[in-house]
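# Commentary on secondary and tertiary structure
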Amino acid sequence: MNAQQLVDERGDLWLALAPLWLDREPSERDYAHMIEMIEQHDMSLKELEWMFRLELAPVMMRHQLSIASEWRKFDDYQLMKQLVSHNLRLKGWRRKSWALFSGLTTMMVRHRWVELMQRLMVTRGEI
């Protein structure tokens, strides 16, 4: 898969989920937008979990840990470049190592992710 394919297939979903890593709790509007984007991509909960752990968290947690990082809003262009770069390299041992450490990379936003997944299941009529 090339960079353009990644942007076309995942870009809007990645950007929609990025507010999970901001320094404020996502608003009702944020959650509604996230669910709308997820539903457009028709992904299972398991697929979403692995996307969260492997495709997003390794990049996004660097923003949380950086002192110089922007906490109110992300620069979508820069963020997309970082996400695409990470995901183009996400093969073999890199994929396995991120899977192994994904609990650490997701723990700071896990409560927000759980809230989003619960809202998604309600939307889908699974709860």
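Before reading on, note that the structure itself is shown above.
The notes below deal with the structure included here. Residue numbering note: each chain is counted from 1, following its sequence as written. Restriction of local features to residues with pLDDT of at least 70 applies here, the model being predicted, together with a cutoff of 80 or more for giving and counting side-chain atom pairs; totals for whole chains, interfaces and linings are based on all residues. As a convention, hydrogens and water are excluded, and side-chain values are obtained from all of the structure's heavy atoms.

### What to know about the nonpolar core
The criterion, for reference: For the purposes of this section, nonpolar cores are sets of buried Ala, Val, Leu, Ile, Met, Phe, Trp, Tyr and Cys residues that join through side-chain atoms within 4.5 Å. Whether a residue is buried, partly exposed or exposed follows from its accessible area with a 1.4 Å probe, protein chains only, as a fraction of its type maximum: under 20%, in between, or over 50%, in that order. Secondary structure is summarised from DSSP: a helix means a run of H or I of at least four residues, a strand means a run of E of at least two, and numbering begins at the N terminus for each. Residue contacts are counted whenever heavy atoms from the two residues lie within 4.5 Å of one another.
Counting 32 residues, the largest nonpolar core has Leu-17, Trp-21 and Leu-116 as the members making the most contacts within it. If you list the elements that add at least two residues to this core, you get helix H1 (3-17), helix H2 (28-41), helix H3 (45-65), helix H4 (76-88) and helix H6 (110-123). Ranked by residues supplied to this core, first place goes to H3 with seven residues. The contact partners of Leu-116, leaving out residues within four places of it in the chain, are Leu-17, Leu-20, Tyr-31, Met-34, Ile-35 and Ile-38.

### As for a nonpolar patch on the surface
Let me state the cut-off plainly: Only residues whose relative accessible area exceeds 30% and that form no salt bridge enter a patch; like-charged residues are grouped when within 9 Å of one another, and nonpolar side chains (Val, Leu, Ile, Met, Phe, Trp, Tyr) when within 5 Å. Residue exposure ignores everything except the shown protein chains as possible cover, and the areas themselves are Shrake-Rupley values with a 1.4 Å probe. What makes a salt bridge here is a side-chain nitrogen of Lys or Arg within 4 Å of a carboxyl oxygen of Asp or Glu, nothing more.
A grouping of Leu-100, Phe-101, Leu-104, Met-107 and Met-108 is seen on the molecular surface, where their side chains present a nonpolar patch of about 560 Å² in accessible area. The residue Leu-100 is located in helix H5 (residues 92-106) in this model.

### So, the packing of H1 against H4
Formally: To get an axis, a line is fitted to the C-alpha atoms, and for a helix only the part in contact is used. The angle between two axes follows their N-to-C directions and goes from 0 to 180 degrees. Roughly parallel refers to an angle under 35 degrees, roughly antiparallel to one over 145, roughly perpendicular to one between 65 and 115, and oblique to any angle outside these ranges. Throughout, a crossing is termed right-handed when the near helix is turned clockwise from the far one, and left-handed when it is turned anticlockwise from it by less than a right angle. Residues are sorted three ways: Asp, Glu, Lys and Arg are charged, Ala, Val, Leu, Ile, Met, Phe, Trp, Tyr, Cys and Pro are nonpolar, and all the rest, Gly among them, are polar.
Relative to each other, H1 and H4 sit at 120°, their axes nearing to 10 Å. Considered as vectors, H1 and H4 are oriented oblique to each other. Handedness of the H1/H4 crossing: right-handed. Together, Ala-3, Leu-6, Val-7, Gly-11, Trp-14 and Leu-15 of H1 and Asp-76, Leu-79, Met-80, Leu-83, Val-84, Asn-87 and Leu-88 of H4 make up the contact between the two elements. When grouped by side-chain class, the residues that make up the contact of H1 with H4 number ten nonpolar, two polar and one charged.

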